[in-house]
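Fold and contact review
Take a look at the letters that make up each chain.
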Amino acid sequence: MPSAADYTEKIPNNVDLREDRRLQRALESWQPNFMHWWDAMGPTLPAEDVYLRTAVNVGREGWAHFGHVAMRDYRWGIFLAERDPDRRIAFGEHKGEPAWQKVPGEYRAELQRLIVIQGDTEPASVEQQRNLGATAPSLYDLRNLFQVNVEEGRHLWAMVYLLHAYFGREGRSEAEELLHRSSGSEDAPRILGAFNEETPDWLSFFMFTYFTDRDGKYQLGTLKESGFDPLSRTCEFMLKEEAHHMFVGTTGIDRIVERTAKLMVAHDTDEVGACGGIPLDVIQKYLNFQYSVSLDLFGGETSTNVANYFTAGLKGRWSEERRRDDHKLTSESIMVDALTDDGQVGQAEVAALVGLNTDLRREYISDCQTGVTRWNRILADVGLEQRLKLPHAAFNRKVGVFAGVEATPDGALIPAQEWKRRMREWLPTDVDKTYVRSLMRPVHERGKIAAWIAPPRNGINGKPFDYDYVHLV
Ligand code: BYC
């Protein structure tokens, strides 16, 4: 299996697509539908070209090529990480058996479902972010937005390839549906909750790329462990692209906090709205929102679906191979969040297999905390005492054990009436959103940046901040 991408083909790929004419024809007939979707639902700001990276090789050494391209001419393709011919399934009841190169008949439905759910999130995020170009704080940020967008488009291709190549007619039909559902639609919404929320401003965008793309990292990490080798290899390569998306989120929030902190110190006030910054309490509310909707993406604390996926070898754990247990978990247990009989937040012991969503969510939560620690260091470094924090797992949840209760960010359960009265202290209000939106004036001039965010430390691919990352029409 070659690892270099073949760009002489209509659909760039490293899977020898030309050897399978039927599959090639099927994908080539999906391609115009994808372009139609991109034109209708993709970025709305007209740009002549953008300084983008394109995958050229999936190997370790230099997989990306950088250059100015018209976004519509971006070469969306199919790239799988290199195949390990000796790979074996690392967990579940098939542990030790050779990884599957074809879909095992008995797991067809479950695998297809996982691939469809994963695939559905990719175009959804492009739809959510489509209008942000019009209010980009700099050409550097605009370029990063477009990079994220084209790569989410490629991730859709990654899942569509699997559906076409391995799931026959049903797979092709699901691939069509991925272009028909749309984020926030009344009739045909995207499958998972967070992907139907709006991303109306850049603070939301950076929170999304920090918290929600990070769910992507963890879910892809579990699918990378899959016994179904083509899925594993697809996810492995997607994870490389995903790292940049989270970088955009982490450093985006760094730069907002940095600017806010500077204004707080310079004007000796928390009310930095008057000087064009985003107040820390508004940043905290956006964080509360995006984190809580992202926690929902891990499903219920206990789930028989996830137990079945694991036992069957379809979806593993984060860092499965580094875990020191039997990788079957048939006799282990785990403590999960639960409500006690007297209605308090507590813990319950359940079989480890049904608690695997909790296991993954915990990995995710501790990773999320690293960003918060980093942002708090920025505050501490300028001598401020205020701190950001992750809200309690019970806060603002719509999925799982806390879906039916209301909780404060500290995890105290409160009556619905009190929640209604106080939620504006914790979640962005219309006034907060209107204020943030009022700051979102485009800065499309080379080397300039909006006043509510600090410039980045470095440019992209060794280029300076004032590089002409995007040529607008
Ligand atoms: N919204 O048994 P449970 C990314 C459903 S992000 C709506 O606990 P399970 C990206 C659930 O489907 C990563 N419905 O669920 C990021 C089930 O339905 P059925 C995306 C929800 O199956 C940024 C029922 O509730 N990839 O890549 O254990 C930009 C019972 O729930 C939700 C994946 O998620 C929800 N939030 O776990 C671009 C990986 N949560 O069976 C891209 C694939 C649950 O009763 N998906 N439900 O009809 C999975 O692994 C699992 O399906 C889930 C849910 C983790 C999502």
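About the cut-offs
Residues numbered from 1 in each chain as written. Predicted model: local features only at pLDDT ≥ 70, side-chain atom pairs only at ≥ 80, totals over all residues. Heavy atoms only, no water. Helix = DSSP H or I, 4+ residues; strand = E, 2+ residues; numbered from the N terminus. Rg over C-alpha atoms; globule rule 2.2 N^0.38 Å. Contact = heavy atoms within 4.5 Å. Areas by Shrake-Rupley, 256 points an atom, 1.4 Å probe, with all protein chains shown as cover. Pairing = 2+ DSSP bridges. Axes fitted to C-alpha atoms, helices over the stretch in contact; angles between N-to-C directions. Parallel < 35°, antiparallel > 145°, perpendicular 65-115°, else oblique. Patch = residues over 30% accessible without salt bridge, like charges linked within 9 Å, V, L, I, M, F, W, Y side chains within 5 Å. Salt bridge = Lys/Arg side-chain N within 4 Å of Asp/Glu carboxyl O. Lys, Arg positive; Asp, Glu negative; His and termini not counted. Charge placed at Lys NZ, Arg CZ, Asp CG, Glu CD. Core = buried A, V, L, I, M, F, W, Y, C linked by side-chain atoms within 4.5 Å. Buried < 20%, exposed > 50% of the residue type's maximum accessible area, 1.4 Å probe, protein only. Left-handed = near helix turned anticlockwise from the far one by under 90°. Nonpolar A, V, L, I, M, F, W, Y, C, P; charged D, E, K, R; others polar. Expected span 1.5 Å × (residues − 1). Arc of directions from axis to C-beta.

Things to note about the overall build of the protein chain
In terms of regular secondary structure, the protein chain is built from 11 helices and seven strands. For 473 residues, the compact-globule estimate of 2.2 N^0.38 gives 23 Å, and the C-alpha radius of gyration of the protein chain, at 23 Å, lies within 12% of that figure. Dimensions along the principal axes, computed over C-alpha positions, put the protein chain at roughly 65 × 60 × 40 Å. The long-range fraction of contacts in the protein chain, counting pairs at least 24 apart against all pairs at least 6 apart in sequence, stands at 71%. Here the protein chain displays about 20100 Å² of accessible surface, and carbon together with sulfur accounts for 47% of that area.

Let's talk about the sheet that holds strand E2 (residues 64-69)
In space, the three strands of this open sheet follow the order E2-E1-E7, with antiparallel pairing throughout. The open sheet has two edge strands, E2 and strand E7 (470-472), and neither has a second partner. On average, each strand axis in the sheet is tilted by 15 degrees relative to the strand beside it, whichever way the strands run. Bridge count between strand E1 (residues 47-55) and E7: three bridges; the pairing is antiparallel. The residue of E7 that forms the bridge with Asp-49 is His-471. With respect to the sheet, helix H3 (residues 139-166) is in contact with E1, E2 and E7, its orientation differing from that of E1 by roughly 60 degrees.

Concerning the packing of H3 against helix H4 (residues 168-180)
At a minimum axis separation of 6 Å, H3 and H4 run at an interaxial angle of 155 degrees. What the angle tells us is that H3 and H4 run roughly antiparallel. Between H3, through Leu-156, Val-160, Leu-163, His-164 and Tyr-166, and H4, the contact on the second element is made entirely by Gly-168, Gly-171, Arg-172, Glu-174, Ala-175, Leu-178 and Leu-179.

Digging into a positive patch on the surface
Where like charges cluster on the molecular surface, the positive patch consists of Arg-21, Arg-22, Arg-25, Arg-169 and Arg-172. At the level of elements, helix H1 (21-41) and H4 are the ones that each hand at least two residues to the positive patch. With three residues, H1 is the largest single contributor of residues to the positive patch. Within the secondary structure layout, Arg-22 lies in helix H1.

Overview of the nonpolar core
Phe-211 and Trp-452 are the most contacted members of the largest nonpolar core, which totals 112 residues. It is H3 that provides the largest number of residues to this core, a total of 15 residues. Aside from chain neighbours lying at most four places away, what touches Phe-211 is Leu-287, Gln-290, Tyr-291, Ser-294, Tyr-364, Cys-368, Trp-375 and Leu-390.

Observations regarding the packing of H1 against H3
Orientation of H1 relative to H3, taken along the N-to-C sense of each, is 145 degrees, at an axis distance of 11 Å. Seen along the crossing, H1 lies across H3 with a hand that is right-handed. Here Leu-23, Ala-26, Leu-27, Trp-30, Gln-31, Phe-34 and Trp-38 of H1 come into contact with H3, specifically with Asn-149, Val-150, Gly-153, Leu-156, Trp-157, Val-160, Tyr-161, His-164 and Ala-165. Of the residues that constitute the contact of H1 with H3, the class distribution is 12 nonpolar, four polar and no charged.

Considering H4
Taking 1.5 Å per residue as the helical rise, H4 with its 13 residues ought to reach 18 Å, and the 19 Å between its terminal C-alpha atoms agrees with that figure. Within H4, burial applies to Gly-171, Ala-175, Leu-178 and Leu-179. All buried residues of H4 lie within an arc of 95 degrees about the axis, which places them on one face of the element. Opposite the packed face of H4, turned more than 90 degrees from it, sit the exposed residues Arg-169, Glu-170 and His-180. Buried-residue contacts for H4 involve H1, helix H2 (108-128) and H3.

Re the environment of Phe-167
Here Phe-167 shows up in the loop between H3 and H4. For Phe-167, a relative accessible area of 1% gives the class buried. Here the alpha-carbon distance between Phe-167 and Leu-111, two residues 56 residues apart in the chain, equals 9.5 Å. Phe-167 has contacts with Val-103, Arg-108, Leu-111, Gln-112, Ile-115 and Leu-162, leaving out every residue within four places of it along the chain.

Here's the deal with the pattern of salt bridges
Enumeration over the complete set of coordinates arrives at 25 salt bridges. The partner of Glu-151 in a salt bridge is Arg-53, and the shortest N-O contact between them spans 2.8 Å. Pair noted here: Glu-151 is in helix H3 and Arg-53 is in strand E1, with a separation of 98 residues, a long-range link. The same class applies to Glu-151 and to Arg-53, which are both buried. In this structure, Arg-323 engages Asp-359 in a salt bridge whose closest nitrogen and oxygen atoms are separated by 2.9 Å. Of this pair, Arg-323 sits in the loop between helix H8 (304-312) and strand E3 (333-339) while Asp-359 sits in helix H9 (residues 356-381), placing them 36 residues apart in sequence. We classify Asp-359 as buried; its relative accessible area is 16%.

Considerations on the pairing of E3
Residues in a regular strand point their side chains to alternate faces of the sheet. Bridge count for E3 against strand E4 (residues 345-351) is seven bridges, and the pairing is antiparallel. From the neighbouring strand, Leu-339 faces E4, where its bridge partner is Val-345. Here E3 folds back onto E4, and the loop between the two strands holds five residues, one of which, Gly-343, carries a positive phi near 75 degrees.

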